[in-house]
Amino acid sequence: MVTQLNLTLSLRNKTVPCRVGLLLLETDHTTELEFARHMPHDLVGVYANRVTYANPTTPENLRKMVPLLGERTEQILPEADLDVVYYGCTSASFVIGDDVVASEINKAKPTASVVTPTLAALEACHQLRVGSLAILTPYLPETSAPLEPYFTERGISVVKHSCLGIEDDRIMAALDARSLIQAATEADHPDADALFISCTALRALEVVPELEKRLGKPVITSNQAAIWYILRLLGLPQPVRNSCQLFHTLPEAA
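Scope of this entry: the structure provided in the associated data block. (Residues numbered from 1 in each chain as written. Predicted model: local features only at pLDDT ≥ 70, side-chain atom pairs only at ≥ 80, totals over all residues. Heavy atoms only, no water.)

## A look at the pattern of salt bridges
How we decide: Every case where a carboxyl oxygen of Asp or Glu lies within 4 Å of a side-chain nitrogen of Lys or Arg is listed as a salt bridge. Think of it this way: any DSSP run of H or I at least four residues long counts as a helix, any run of E at least two long counts as a strand, and we number them from the N terminus. Classification of residues uses two cut-offs on accessible area relative to the type maximum, computed with a 1.4 Å probe and protein chains only: under 20% is buried, over 50% is exposed, and between them is partly exposed.
For the coordinates displayed, the defined rule picks out ten salt bridges. Arg37 serves as the salt-bridge partner of Glu206, at 3.1 Å between the closest nitrogen and oxygen. You can see Glu206 sitting in the loop between strand S7 (194-197) and helix H11 (208-215) and its partner Arg37 sitting in helix H1 (residues 31-38), a full 169 residues away along the chain. A relative accessible area of 32% means that Arg37 is categorised as partly exposed.

## A word on the sheet that holds strand S4 (residues 113-115)
Going by this rule: Note on pairing: two strands pair once DSSP finds at least 2 bridges between them. Lines are fitted to the C-alpha atoms to define the axes, a helix being fitted only along its stretch in contact, and any angle between axes, read from their N-to-C directions, falls within 0 to 180 degrees. Note on contacts: a residue pair qualifies if any of its non-hydrogen atoms lie within 4.5 Å across the two residues.
With parallel pairing, the four strands of this open sheet are ordered in space as S2-S1-S3-S4. Only two strands of the sheet have a single partner each, and these edge strands are strand S2 (44-51) and S4. Taken over all neighbouring pairs, the strand axes of this sheet differ in orientation by 20° on average, direction set aside. Judged from the eight bridges that link them, strand S1 (residues 18-25) and S2 form a sheet pairing that is parallel. Note that in S2 the partner of Val20 across the bridge is Val46. Helix H6 (residues 117-127) contacts strand S3 (84-88) and S4 of the sheet and is inclined by roughly 85° relative to S4.

## Concerning the nonpolar core
A general trend in soluble globular proteins is that nonpolar side chains are found buried together. This is how it is decided: Take the buried Ala, Val, Leu, Ile, Met, Phe, Trp, Tyr and Cys residues and link them wherever side-chain atoms come within 4.5 Å; each set so joined is a nonpolar core.
Counting residues in hydrophobic clusters, the biggest one holds 85 residues, and the most contacted among them are Met65, Tyr87, Leu133, Phe151, Ile197 and Ile230. Element by element, the count of residues in this core is highest for helix H12 (residues 222-234), at eight residues. Tyr87 has contacts with Leu23, Met65, Leu69, Ala92, Ser93, Ile96, Val101, Ile105, Val115, Thr116 and Pro117, leaving out every residue within four places of it along the chain.

## Remarks on the environment of Ser93
Inclusion rule: Whenever a nitrogen or oxygen atom comes within 3.5 Å of another N or O atom, the pair is scored as a polar contact, on the condition that within protein one atom can donate a hydrogen and the other can accept it, and that pairs from neighbouring residues in sequence are kept only if both atoms are in side chains.
Secondary-structure assignment places Ser93 in helix H4 (residues 90-96). With relative accessibility at 0%, the residue Ser93 sits in the buried group. Each C-alpha atom, one on Ser93 and one on Leu180, is 22 Å from the other, the two residues being 87 residues apart in sequence. Among residues more than four places away in sequence, those in contact with Ser93 are Tyr87, Asp98, Thr116, Pro117 and Thr118. Here the side chain of Ser93 touches Cys89 through a polar contact of 2.7 Å, landing on its backbone oxygen.

See the structure below:
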């Protein structure tokens, strides 16, 4: 026999103080892992959904995601507000445009702050007082090309722009630490204030501490910049993992 308890119950306003939505490519192997490793789980709930996407990574295929952004965002905790929505695709962000991405996502979650990897990387450059960049991307040259004017039109010069010519984001995610360090070292330039490694698929955040030691300058990656920017938006401290110059601009955990 089941007895129903007649109690006066109280509810939390939120199940967790801050809610972050991740809108990811359906082929993404990396972003959820990097957010899980760097977000304070007692303060931030991270909830993900995925967008239909087909390789190769070309501007044409990236633009096909635009009509899906609002619908897939709405499916993240339907009818619940999110503090932040992160669109986890760097190449799509600079091909489609930050403003277009934000507009589509805010149709579904109008109160959320929308973060793209490109916006976060730009804010990271401002925080670190970076005036010139060397850029490394894993993309095809035609996919990588629009990233350079994205920065130069916003006042940051690009002194060297290198790409790896990979067309499949699943292969990008499989590159190991040795390959990433080798490519990043080759892509750097002595006149660059910092190195930006573009692409949320790359497991680049894990090699940032080693690269900063080798290169003697800040290294910014797509997911690292986004994690930093979201923590700053939410007023939260720096992660304890993967100490780097960008994370050090956040307050230390109590």
